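# A look at the structure
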Amino acid sequence: MIQTQKNIKWILPLIICIAFIVCATVGMLISPDAFYKFFSATQITRAIPPQLPHKSYYWDVLHYAEMTIKPSCTAFYPLWPFLIRNIFHPQTIEQAAHYFIIVGSSIFLITNFLLFSVLRTALNRTYLAFIIMLAYTLNPMAIFRVNGYTESIFSLFSTLFIFFCLPHNKLNQNLKLCYLLIITFLMSLTRPILIQILFATTLALITIIGLEMLRNKICSGSYLLMNLRKYYNEIKATLTIWVGSLVGYAVYGSFCLQTRGNFFAPFDDQGLWGKKLGIHLELLLFPKSPLIDIIGLYLPLIVLFLSLIFTYYKFAKKQDSINVPKYRIWWSIFYLYPPLLVLIYGFNFFKSMNNKISFTSIKINHYADKLAVNYIFWFCIYFATAHSLINFFTFDRLTSLGRYTFSTPFFFVGLGYLYRCIPGKIKYQTLLFITFISAFMLVEQWINYGQDKWLG
């Protein structure tokens, strides 16, 4: 039995990696330039050179490669180029880009095994961990974990972050806090996540304590203080994460202050991309970018909404089921365009309210009680939601939102936790169907990669 468990730990993530390689191979067979571009240390000569803004050979990897050759303060963060510069000492943009791909692909393979182990530990369900890993690895944004972007190393840090936050982690509490401080510091030097970190940790604490107070129907200062003591470890973890993320940005901000005279230059540079506060309601229907971006807008919000509903009814109201309009398996196709899914489900909900169609009862299993006070679960959901809200309120299009949501593990870990609350097998059918469609989209991404097209 023990040997079988060890074999599963290695064989299942290996199968998932092979599935990703198969998708990449199919894409490269259809577009051979994708093969040469991925493995070549020099740029492919084009008969007609790609022209911005429609095409670009390296896209954002170019900026990281330039930072590798010559350190500078930009909207892009320094840790990724710092590592490549000091390990491989590239002399040209092409060499730097090639090393990004080599290292990123290696990290991707390692992270897949680590994340599968973390998911098995967190969810305590091998089959569920396998399905979630398939969805994580075969979605079209997975290409960013191997094509030289920061998603590979950021996903590694995120996996370690999740592991150190697991409620049943056997590590000493002070040691966990030290690891969290280091990991958060490194994450903050890899990508701009300061706002997302503050948003996710704060709301995770508020949700846990709020559900506890709703459960006991007590709202007083003394009871709030008692809950603050009860979740003392989560509060310490939050403060540690805040310090790590703030210090991480402070290091880069200090460099920007010395080189450009502006501590907040990375944020200002993002403003040059057209980002500013505003509300663009048309984005709820039209992303003005690839379809995956509107999926990235809706799915975190849908998962957050369902999580709040399930935990409120089970943990706070102590009900074992809720009445909802009957879900039909063919509705799964609407996940490819979530606005339609929301409209159809909302329409059926109002029909049920008016007794035109009947409600169906969905059981909520006992795991929702644990979920209500699971800090890392709420962090993962709120972190993914933060990207959706920031993009929606700061840009007139959803550019790159799909990449922020689906190329790192936070959304998928949150989804896996939510699945533990829902009995029955229809949830697996839905996720497997979406993963099957996503695999074809991943193949298309590799074709686009070979043609220097925008990937997300």
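As a starting point, this report considers the structure included with it. (Residues numbered from 1 in each chain as written. Predicted model: local features only at pLDDT ≥ 70, side-chain atom pairs only at ≥ 80, totals over all residues. Heavy atoms only, no water.)

Okay, the state of the cysteines next. Tallied over the full model, the rule gives 1 disulfide. Note on cysteine connectivity: C73 is disulfide-linked to C256, with sulfurs 2.0 Å apart. The sign of the S-S torsion, about 95 degrees, decides the handedness of the disulfide formed by C73 and C256: right-handed. Placement of C73 in the loop between helix 3 (60-69) and helix 4 (79-88) and of C256 in helix 11 (residues 232-260) is noted, with a sequence separation of 183 residues between them. Neither C73 nor C256 differs from the other in exposure class; each is buried. (Disulfide = S-S within 2.5 Å. Helix = DSSP H or I, 4+ residues; strand = E, 2+ residues; numbered from the N terminus. Buried < 20%, exposed > 50% of the residue type's maximum accessible area, 1.4 Å probe, protein only.)

All right, on to the packing of helix 9 (residues 194-216) against helix 11 then. Helix-helix packing is described using two parameters, namely the angle between the two axes and the distance between the axes. With their axes 10 Å apart at the nearest point, helix 9 and helix 11 run at an angle of 170 degrees to one another. By the angle between their directions, the pair helix 9 and helix 11 is classed as roughly antiparallel. Every residue of helix 11 that contacts helix 9 at L194, I197, L198, T201, T202 and L205 is listed here: E234, I235, T238, I241, W242, S245, L246 and Y249. A breakdown of the residues in the contact of helix 9 with helix 11 according to their chemical character gives 9 nonpolar, 4 polar and 1 charged. (Axes fitted to C-alpha atoms, helices over the stretch in contact; angles between N-to-C directions. Parallel < 35°, antiparallel > 145°, perpendicular 65-115°, else oblique. Contact = heavy atoms within 4.5 Å. Nonpolar A, V, L, I, M, F, W, Y, C, P; charged D, E, K, R; others polar.)

Considering the arrangement of structural elements, one finds Q445 in helix 19 (residues 426-450). In contact with Q445, not counting residues within four places along its chain, are P140, M141, I143, F144 and L455.

As a further point, take the side chain of S105. Residue placement: S105 occurs in helix 5 (residues 93-123). In contact with S105, not counting residues within four places along its chain, are F38, R145 and V146.

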